[in-house]
Amino acid sequence: RGFRRDSSRKTSGGRGVVRGAWGAVDSSASSLIRSGGLFRSGEGVARADVYSFASAISACANLDRTAVLAPLLLELMPAHNVAPNEFAFASAIAACRSLRDPARAVTLLDGMRAAGMRPTAVEYTCAMAACTGGEGWQVAVRLLARMQAEGVAPDEPAFTAAILACGRARAGV
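I will try to describe carefully the structure that is included in this document. (Residues numbered from 1 in each chain as written. Predicted model: local features only at pLDDT ≥ 70, side-chain atom pairs only at ≥ 80, totals over all residues. Heavy atoms only, no water.)

**Re the overall build of the protein**
When helices and strands are tallied, the protein shows eight helices and four strands. Beginning at the N terminus, the succession of helices and strands in the protein can be written as β-β-α-β-β-α-α-α-α-α-α-α. The buried share of the protein, reckoned over its 173 residues, is 43%. Put simply, the protein shows about 9300 Å² of open surface, and 54% of that area lies on carbon and sulfur atoms. (Helix = DSSP H or I, 4+ residues; strand = E, 2+ residues; numbered from the N terminus. Buried < 20%, exposed > 50% of the residue type's maximum accessible area, 1.4 Å probe, protein only. Areas by Shrake-Rupley, 256 points an atom, 1.4 Å probe, with all protein chains shown as cover.)

What follows is the structure, encoded as structure tokens:
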């Protein structure tokens with residue numbers, strides 16, 4: 001079940017998983033966590049910066065298997081004197097969709113604001129996309145209202161994410 005070195009596309013358990021290049025991403029993210037902020041490469045060690053962290057967070061967010069690493073990498077950044085940027089926050093919030101964790105998505109939105117950044121429609125939409133099942137639809141509706149109260153105009157993807165969260169709750173998904 002590990003990653004293969006070739007670039008073939010395989011499916012596992014009904015989900016599409018890209019094998020090959022993502023193995024390097026998974027390995028880099030794991031190395032970053034284990035090494036205390038250093039990426040390991042074949043040529044030596046390179047110091048991690050905001051771009052390497054943000055890239056690793058984004059890559060982890062794109063696979064169900066590694067999505068759990070995305071918010072953890074974001075949390076590690078300040079401990080290594082690297083301030084998260086908007087892209088790092090947006091990617092970590094996007095990972096919450098795979099994790100089905102609306103509470104973490106809201107916490108990350110709040111963290112973004114606490115870091116002096118203003119969430120955009122993109123971050124709100126990603127957070128609403130995490131609102132699946134249970135009471136998630138209520139979180140999505142609150143996020144939509146909060147978005148408007150903060151002067152962020154909801155766009156079509158934001159409304160779609162909120163509507164889908166409500167629809168999933170009704171369907172019991």
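**Quick look at helix H7 (residues 136-149)**
When the terminal C-alpha atoms of H7 are compared, their 20 Å separation across 14 residues agrees well with the 20 Å that a helix rising 1.5 Å per residue should span. Taken residue by residue, H7 has Gly136, Val139, Ala140, Leu143, Leu144 and Met147 as its buried positions. Buried residues of H7 fall within an arc of 140° about the axis and therefore sit on the same side. Of the exposed residues in H7, those oriented more than 90 degrees away from the buried face are Arg142 and Ala149. (Expected span 1.5 Å × (residues − 1). Arc of directions from axis to C-beta.)

**With respect to the pattern of salt bridges**
Summed over the entire model, instances satisfying the criterion amount to four salt bridges. The partner of Arg146 in a salt bridge is Asp110, with the nearest N and O atoms 2.5 Å apart. Remark: Asp110 occurs in helix H5 (residues 102-114) and Arg146 occurs in helix H7; sequence separation between them is 36 residues. The exposure class of Asp110 is partly exposed, given its relative accessible area of 35%. Residue Glu150 is joined to Arg146 by a salt bridge in which the shortest nitrogen-to-oxygen separation is 3.6 Å. On the basis of relative accessible area, Glu150 is assigned to the partly exposed category, the value being 29%. Note on Arg146: relative accessible area 22%, which makes it partly exposed. (Salt bridge = Lys/Arg side-chain N within 4 Å of Asp/Glu carboxyl O.)

**A look at the nonpolar core**
One broad trend across soluble globular proteins is that nonpolar side chains are buried collectively. Residues Ile57, Leu74, Met77, Tyr124, Met128, Leu143 and Met147 are the most contacted members of the largest nonpolar core, which totals 43 residues. When contributions to this core are tallied by element, the ones reaching two or more residues are helix H2 (50-61), helix H3 (69-76), helix H4 (86-99), H5, helix H6 (121-129), H7 and helix H8 (156-171). Looking at this core element by element, the count peaks at seven residues for H2. If near-sequence neighbours (up to four positions away) are discounted, Leu143 is found in contact with Val106, Leu109, Tyr124, Ala127, Met128 and Cys131. (Core = buried A, V, L, I, M, F, W, Y, C linked by side-chain atoms within 4.5 Å. Contact = heavy atoms within 4.5 Å.)

**Things to note about the packing of H4 against H5**
Packing of H4 against H5 brings their axes to within 9 Å, and their N-to-C directions diverge by 170°. Looking at the two axes, H4 sits roughly antiparallel to H5. Residues Glu86, Phe89, Ala92, Ile93, Cys96 and Leu99 of H4 touch H5, and the partners they reach there are Arg104, Ala105, Leu108, Leu109, Gly111 and Met112. Taken together, the residues that form the contact of H4 with H5 break down as nine nonpolar, one polar and two charged. (Axes fitted to C-alpha atoms, helices over the stretch in contact; angles between N-to-C directions. Parallel < 35°, antiparallel > 145°, perpendicular 65-115°, else oblique. Nonpolar A, V, L, I, M, F, W, Y, C, P; charged D, E, K, R; others polar.)

**Brief notes about the packing of H4 against H6**
Interhelical geometry of H4 versus H6 gives an angle of 20° and a closest axis separation of 7 Å. It follows from the interaxial angle that H4 and H6 lie roughly parallel. Two packed elements cross with a definite hand, and for H4 against H6 that hand is left-handed. Counting all contacts with H4, which are made through Glu86, Ala90, Ile93, Ala94 and Arg97, the residues of H6 involved are Glu123, Cys126, Ala127 and Ala129. Broken down by class, the residue content of the contact of H4 with H6 amounts to six nonpolar, no polar and three charged. (Left-handed = near helix turned anticlockwise from the far one by under 90°.)

**Things to note about H5**
With 13 residues, H5 should cover 18 Å at 1.5 Å per step; its first-to-last C-alpha distance of 18 Å lies within 8% of that length. Taken residue by residue, H5 has Pro102, Ala105, Val106, Leu108, Leu109 and Met112 as its buried positions. In an axial view of H5, the angular spread of the buried residues amounts to 160°, which keeps them on one side of the axis. Of the exposed residues in H5, the ones pointing more than 90 degrees away from its buried face are Ala103, Thr107 and Ala114. Lining the buried residues of H5 we find H3, H4, H6 and H7. Gly116 sits one or two residues past H5 and shows a positive phi near 90°.

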